[in-house]
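Structural overview for review
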Amino acid sequence: MAGAPRLAVSGIAKRFGAVRALRNADLVVDAGSVHALVGENGAGKSTLIKILSGAETADAGTTAFDGQEVTIGSTTAAMALGVATVYQEPQLFADLTVAENVFTGREITRAGRVDWPAQNARVTELLDLIGLPARYATVAVGTLSIAEQQQVSIAKALAGDARLLILDEPSAILTDTEIEVLFGVVRRLAASGVAIVYISHRLDELFTIADVVTVMRDGETIGTWPIAELSVRRIAELMVGGVLDDGPREHRVPDGPARLELRGLGLEGRFHDVDVAVRGGEVVGLYGLVGSGVAEIAASVYGITPATSGTLHVDGAEVRPRSPRHAKALGIGLLPSDRKQQGMFSFQPISFNISAGNLRLLSKARVFVDRRREREVARRMIERLSVKTPSERQPVSAMSGGNAQKVVLARQLVDRPGVLVLAEPTQGVDVGAKDEIHRIIAELADAGTAVLVVTSDLPEAIRISDRLHVVRDGTTTAEFGPGASQVDVLAAAAGAVEVAT
Amino acid sequence: MTARALRLVLTQRTALLVVLLVAVVVTMTTLSGNNYLSAPYSASYMASTLINAVPLAMLALAELLVITSGRGGIDLSVGAIVSLTGMVFGFAYGQWGWPLAPAILLALVLGAACGALNGFLVAHLGFPALIATLATYYAFRSLALVVNDQKPINSQPVQDLYSTATAVALPLVGESFPRVPLGIFTFLVPTALVVWLVLARTTAGRRLYAIGTNDVAARWSGIDVRRTRWSAYVAAGAISGLVAVVTVAQFASARPDSGTSGNGMALPAITIAILGGVAITGGVGRVAGVVLATLLIVWLNAGILLAVPGNSGSQYQLFALGIVLVVAALLNALTQRRYGGTQ
Amino acid sequence: MSAPALARPAPAKPGRVLPFPVTGQEVVLLVVIAVLWAALAVTTPAFATEGSIVPLLVAMTPIALIGIGMTVVIVTGGIDVSVGSIVMVCAVVIAKAMVGSGIPLPAAVALGMAVGALLGLVNGALIAYGRVQAIIITFGTLNLFRFAGLQVFGSATVEGIPGTLAPFGRGDAGRTLGVPHSFVVLLVVAAIAWYYLRHTPGGRHFFAIGGDADAARLAGISVRARIVLGYVVTGLLAGVAACFVIAQGTSSLAASVGSGLELSVIAAVVIGGTSITGGRGSVLGTLLGALLVQTVRTGVTQLGWPSQLSDLFVGVFIIVAVGADLLRQRRRPTGKRTT
């Protein structure tokens, strides 16, 4: 190994249809170093690692591995080079043991039989390395916690001769102690000469683990700095770039009592002491990184996972939503964060999707569907939300993300809820539709609705909120007024408070 | 134009079934006209064979409800429910001297209760439907056989019931139209209408399609998923209870194995439902498809019986059923990839 | 270069390298069977005799044998409801061959295996390459195979079957030193299947496919070939089971042979703890499941109860076995359930 870096890519570009996911990415990762890759959602990080791991192929650019020019055309090619990737969602077989999961598809055999002692010995080494007890080798993966499963994924990645390990937001779903263990593993691996690409939204932790940081923005790598030259605030500035923060939104919030109030709300192990109040006509943002607990707060308000401590008030009265049905009856509407899983009835028509949440309202004597009103409501919603479709009979599966999202949103608007909780309202939505959805949210507030927007999209959080709460480590930590600067909010969410540099 | 027609036939299951149905009737009538068949394939023959359609179509409608409810919904126990409620109906009407109406009501309620057990296991306890209804299939079948020591009930009132299975002239059109078995009007048509009404017009139907399409989204939309799924099994049980009455009337006897002998009644019913375009993955299925599929199979079988007389006629019926199902399933998979699904 | 150079050498770890070969559910099944046997031995003195136990073991062999194949199929996330028809086709082909040309026993068994494997191949190919749900395809082939079988039957039962297969029967010819041959065959097949599923990469891949077929494909497993293999093995074992069925019967074979067998097989498999959703299951469990089902059937008869009552108990056992499994699943810290 001469002085060549483990990995050197330059000029990588990738286009998906009309979208330029990557314009120009350069990345040089040295053996034995922990190289952090940061950027906002959509900056191109995930596309870049997909290319490095062979899941996608680049349209342009060069890749060199240990000084040798290579092309990574497939996942097997990447594995052959020693590139191992650990994704956020562990790809494991729940009913097989840890040892088996590590070796699935590449079992160590002796005379046609799986050489259990050999596999076991190897896995025991790996478990020791990643800080799991050796007895886990013969335990079914399904019985482990999510954090442990993720550690198993790392072990799996290391079982082949890993020379470059890519960790995609490994800390997002881990608790603090679990993160400590993870860091120990990462440090030991780096010390043994593995090059590590570490992707994270939690900027504060980079100062504990990373050696160098590469920042991405709008599909480009904008530079690489040693961690010592950076601060959380500085990284946030680099991520956000030279954008001019919008001035305060032209929006007067009428005075009045809070229509939705979370007082010290908590859910065992997920979030705690969350205090938020939303008045009628007000849009309050709840901004948090993935894993901060922000998504769970929305689900709790909607009765999916009822809170275990604190209280929830709608129009001053304390309520305890037990189910989405109950929450709806209490006048709370919710746009789920995962459109495909939780929102869409995909092969059903638009009108079906809208009426599904409002069957009682759109019925005759609660028994029959009032099909004329169903059709009218669907048409009115299509017009009001500018859904692009030839008719209300179109199945939502045939629609773009933005249009489908509007349909799912429309379902929540039919009965004019006084309180609306919108989780990730513009995820996977194109720019035009995003603007329209933001306009709809503003209109809803103007009509007197109390709107709570839960989002991990920073510009969105700032743009639409009258007030903005930052959620970090499962609780509300900072509050910003209208026109807050992105850098300030990002720094607060990513943990600038504790880390003084 | 042909591409559009092809697409219509492949993606609209009812269109495909109508085409096949017409093909079968035309083929058989032609064969009949040229004396290839052992008896004429006439309108009155076709009408008389409809008696076979009654239990088949009703149970297929029951399967339509549970399969549409999603999460691997299926009911293997419908035949066993037919056997069990048939026996109890036989007791009530044939031995205890109940009037007909309360006896039918009893069959309906008992069938619904059997379905409620299935629904409880599936919707509330989370059993895979295949397993839960396999277990209750065994249990109900066993009880039906044991309850009267394997003996049928064919007392006079039960035998007199046979008159309900006879053919009647249609009102209005009178004798200008072939006589149709009475069971069509007393049981099948009302059941089909109610199921159609529920699925196509009521909020309950919407909820059923919603949970079958995506039960997570249904829950997030405020739909009571468990209750809706449970109801589907209850309805399937209730329909099976009615089929029990039909079957008793048809055989003039309450037989302890009426729904379970041989391959039983459940498998053909499921086959018909799937052929009728009910997606095994849930959320898709219509009454029209199921009714057309039943007519297709019944009239195809009727034709086969005339074309291939004797024992091997019923064998070719099995062949027809199997081949139609496999081809329909392969076609479904193909259209799924080519056109994104069947309506 | 071996990946991470290790800071600490792994401690030499003696002892078990695999989970214990018997699961909790299997232990419970064993206990339930033991209790039933003890209770039956006490209440009906005739039970604990050779004249009762041997027929019990012989009677369970067809279901258990097919159950081994079905276990593999269900582990991959599939199902095969056509096995009853496969048994019927194989039985009639063998019976006709024996009546017509008096073929010897090895040829009869080979013929059954060949026909069964062929029918299994039809199922497997349609399911793996047609990308259609297993239950639908096998519902279809259930009818098709039955048609084929009936065609071979002609319209009559096969009469005058020679006693070629008697070594697999209930009678004296069917046992050596009191041990029924068919049961020995079952144990040998089960041992091979157990070893293959537990100790070879190919066997383990069935479990991976049932756990997550996409992840299995990414791990380099040829998913389709595995799935086809599962159905072929099931068909092949159904062919062997057909020989046992003929051997246990009289000299005539009726067209109703094998009818409804698929449900008994599935019952034995799920009582044995194999998960219908795939990814988990065991040959030992299936054997115990089949033994339990047969014990109930024999016990009910010997107690003088109506024999049909046994199905009620089978139904209850299915509910209890699967219910216990569901409870255990729910107690897991991480379920895949997202409802």
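These numbers were taken from a predicted model, which means no experiment stands behind them.

When helices and strands are counted, chain C shows 12 helices and 2 strands. In chain C, the succession of helices and strands from N to C terminus is α-α-α-α-α-β-β-α-α-α-α-α-α-α. Against the 2.2 N^0.38 benchmark of 20 Å for 339 residues, chain C shows a C-alpha radius of gyration of 21 Å, consistent with a compact globule. A buried classification covers 55% of the 339 residues belonging to chain C. When contacts within chain C are restricted to residue pairs at least 6 apart in sequence, those whose partners lie at least 24 apart make up 77%. Taken as a whole, chain C presents about 13000 Å² of accessible surface, with 69% of it coming from carbon and sulfur. Positive and negative side-chain charges of chain C, numbering 21 and 10 respectively, have mean locations separated by a distance of 13 Å.

Bringing the sheet that holds strand β16 (residues 309-314) of chain A into the picture now. Residues and elements named next belong to chain A. In space, the 4 strands of this open sheet follow the order β14-β13-β16-β17, with antiparallel pairing throughout. The open sheet is flanked by β14 (271-279) and β17 (317-319), the only strands paired with a single partner. Here the strands of the sheet are splayed against their neighbours by 25° on average, with no regard to which way each runs.

Now for the interface of chain C and chain B. Contacts between chain C and chain B engage 45 residues on the former and 48 residues on the latter. When chain C packs against chain B, the two sides together hide about 4000 Å² of surface, and 73% of this comes from carbon and sulfur. For the interface between chain C and chain B, the tally reads 1 salt bridge. Counting across the interface, chain C meets chain B through 8 residue pairs in polar contact (both at pLDDT 80 or more). Secondary-structure elements contributing two or more residues to the side of chain C that touches chain B are α4 (105-130), α5 (134-153), α10 (261-271) and α12 (309-331) of chain C. By residue number, the principal contributor to the side of chain C that touches chain B is α5(C), which donates 13 residues. Grouping the amino acids of the side of chain C that touches chain B by side-chain chemistry returns 24 nonpolar, 15 polar and 6 charged.

Here we take up the pairing of β14(A). Two faces belong to every sheet, and in a regular strand the side chains alternate between them. Residues and elements named next belong to chain A. Two elements, strand β13 (residues 258-267) and β14, share 6 bridges in a ladder whose sense is antiparallel. Opposite L267, over in β14, you have F271 as the bridge partner. The turn joining β13 and β14, which pair antiparallel and follow one another in sequence, is formed by 3 residues; a positive phi near 80° is taken by G269.

This part is about the packing of aromatic side chains. Inspection of every chain in the model, using the stated rule, returns 14 aromatic pairs over all chains. Judged by centre distance (4.7 Å) and plane angle (45°), the rings of B:F319 and C:F147 are tilted. Within this pair, whereas B:F319 is found in helix α15 (residues 311-339), its partner C:F147 is found in helix α5, the two belonging to separate chains. The exposure class of B:F319 is partly exposed, given its relative accessible area of 32%. Among the aromatic side chains, those forming a connected cluster through ring pairs are B:F91, B:W96 and B:W98. For the cation-ring pair, B:R255 lies above B:F251, with the distance from its terminal atom to the ring centre recorded as 4.4 Å.

Bringing the pattern of salt bridges into the picture now. Applying the stated criterion across every chain, the model contains 38 salt bridges over all chains. Notably, a salt bridge pairs B:R229 with B:D215, separated by 3.3 Å at the nearest N-O pair. Here B:R229, found in helix α12 (residues 225-251), pairs with B:D215, found in helix α11 (residues 215-220); they are 14 residues apart in sequence, far enough to count as distant. The same class applies to B:R229 and to B:D215, which are both buried. C:D311 serves as the salt-bridge partner of C:R297, at 3.1 Å between the closest nitrogen and oxygen. Of this pair, C:R297 sits in helix α11 (residues 283-302) while C:D311 sits in helix α12, and the two are 14 residues apart along the sequence. Since its relative accessible area comes to 7%, C:D311 is described here as buried. If you follow the salt bridges from partner to partner, you end up with A:R202, A:D204, A:E205, A:R472 and A:D473 in one network.

A contiguous nonpolar surface patch, about 560 Å² in accessible area, is contributed by A:V367, A:F368, B:F185, B:V189, B:L193, B:W196 and B:L197. The element best represented in the nonpolar patch is helix α9 (residues 182-201) of chain B, accounting for 5 residues. Mapped onto the elements of the fold, B:V189 is located in helix α9. The class of B:V189 is partly exposed, set by a relative accessible area of 35%.

What follows concerns the sheet that holds strand β21 (residues 419-423) of chain A. Residue and element names in this part refer to chain A. Sheet architecture is open: 6 strands sit in the order β18-β21-β22-β15-β23-β24, paired in mixed fashion. The sheet is open, and its two edges are formed by β18 (332-335) and β24 (475-480), each paired on a single side. Neighbouring strand axes in the sheet, compared pairwise and without regard to direction, differ in orientation by 20° on average. Relative to the sheet, helix α14 (residues 401-413) contacts β18 and β21, its axis offset from that of β18 by approximately 175°.

Turning our attention to the packing of helix α4 (residues 53-68) of chain B against helix α14 (residues 287-307) of chain B. Residue and element names in this part refer to chain B. The geometry of α4 relative to α14 is characterised by a closest axis approach of 10 Å and an angle of 145° between their N-to-C directions. Here α4 runs over α14; the crossing is right-handed. Residues A53, L56, A57, A60, L61 and L64 of α4 lie in contact with α14, whose contacting residues are V287, V290, T294 and V298. Here the residues of the contact of α4 with α14 sort into 9 nonpolar, 1 polar and no charged.

Let us now look at the packing of α4(B) against helix α13 (residues 266-275) of chain B. All names here are of chain B. It is at 8 Å that the axes of α4 and α13 come closest, and there the two elements cross at 65°. Classified by the angle between their axes, α4 and α13 sit roughly perpendicular to one another. Helix-helix and strand crossings are classified by hand; for α4 and α13 the assignment is right-handed. Across the interface between the two elements, L56, L59, A60, E63, L64 and I67 from α4 touch P268, A269, I270, I272 and A273 from α13.

All names here are of chain A. Of all 5 residues in strand β10 (residues 195-199), 5 are buried, a share of seventy percent or more. Side-chain alternation along β10 places A195, V197 and I199 on one buried face and I196 and Y198 on a second face that is also buried. Pairing of strand β9 (residues 164-168) with β10 involves 5 bridges; the strand directions are parallel. Along β10, the bridge assignment pairs L167 with Y198. For the handedness criterion, the β-α-β arrangement of β9, helix α6 (residues 176-191) and β10 is classed as right-handed.

Glancing now at unusual backbone geometry. Backbone geometry places A:D315, a non-glycine residue, at a positive phi of 50°. As for its placement among the helices and strands, A:D315 is situated in the loop between β16 and β17.

This brings us to the confidence of the model for chain C. On average, chain C scores 86 in pLDDT, and the residues at 70 or more come to 91%. ipTM for the predicted complex: 0.87, alongside a pTM of 0.88.

If you look at the biggest cluster of nonpolar residues, it comprises 228 residues, and the most contacted ones within it are B:Y41, C:L253 and C:I318. Apart from the residues within four sequence positions on either side, C:I318 is in contact with B:I131, B:L134, B:A135, B:Y138, C:A267, C:V270, C:I271 and C:G323. By size, the runner-up hydrophobic cluster in this structure holds 71 residues, among which are A:L126, A:L182, A:I227 and A:A461.

Taken as a whole and assessed by the stated rule, the structure comprises 0 disulfides over all chains. In this model C:C90 remains outside any disulfide bridge; the closest cysteine sulfur is found in C:C243, 8.0 Å from its own.

With that out of the way, let us pick up the side chain of B:N118. Residues and elements named next belong to chain B. Position of N118 among the secondary structure elements: in helix α6 (residues 100-124). The class for N118 is buried, based on a relative accessible area of 0%. Of the polar contacts made by the side chain of N118, one reaches the side chain of T136; its length is 2.6 Å. Each residue touching N118, except ones within four places of it in the same chain, is listed here: D75, S77, I81, A132, T133, T136, F140 and Y233.

Here we take up α13(B). Residue and element names in this part refer to chain B. Counting buried positions along α13 gives 9 out of 10 residues, so the element sits mostly inside the fold. Those residues of α13 lying buried are A266, L267, A269, I270, T271, I272, A273, I274 and L275. One or two positions beyond α13, positive phi appears at G277, with a value near 95°.

Definitions and limits used
- Residues numbered from 1 in each chain as written.
- Chains lettered and ligands numbered in written order.
- Predicted model: local features only at pLDDT ≥ 70, side-chain atom pairs only at ≥ 80, totals over all residues.
- Heavy atoms only, no water.
- Helix = DSSP H or I, 4+ residues; strand = E, 2+ residues; numbered from the N terminus.
- Rg over C-alpha atoms; globule rule 2.2 N^0.38 Å.
- Buried < 20%, exposed > 50% of the residue type's maximum accessible area, 1.4 Å probe, protein only.
- Contact = heavy atoms within 4.5 Å.
- Areas by Shrake-Rupley, 256 points an atom, 1.4 Å probe, with all protein chains shown as cover.
- Lys, Arg positive; Asp, Glu negative; His and termini not counted.
- Charge placed at Lys NZ, Arg CZ, Asp CG, Glu CD.
- Pairing = 2+ DSSP bridges.
- Axes fitted to C-alpha atoms, helices over the stretch in contact; angles between N-to-C directions.
- Buried area = accessible area lost by both parts, 1.4 Å probe.
- Salt bridge = Lys/Arg side-chain N within 4 Å of Asp/Glu carboxyl O.
- Polar contact = N/O pair within 3.5 Å; in protein donor to acceptor, adjacent residues only side chain to side chain.
- Nonpolar A, V, L, I, M, F, W, Y, C, P; charged D, E, K, R; others polar.
- Phe/Tyr/Trp six-rings, centres within 6.5 Å; stacked < 30°, edge-to-face > 60°.
- Lys NZ or Arg CZ within 6 Å of the ring centre and 35° of its normal.
- Patch = residues over 30% accessible without salt bridge, like charges linked within 9 Å, V, L, I, M, F, W, Y side chains within 5 Å.
- Left-handed = near helix turned anticlockwise from the far one by under 90°.
- Parallel < 35°, antiparallel > 145°, perpendicular 65-115°, else oblique.
- Right-handed = clockwise from strand over helix to strand, strands pointing away.
- pLDDT = per-residue confidence, 0-100.
- Core = buried A, V, L, I, M, F, W, Y, C linked by side-chain atoms within 4.5 Å.
- Disulfide = S-S within 2.5 Å.

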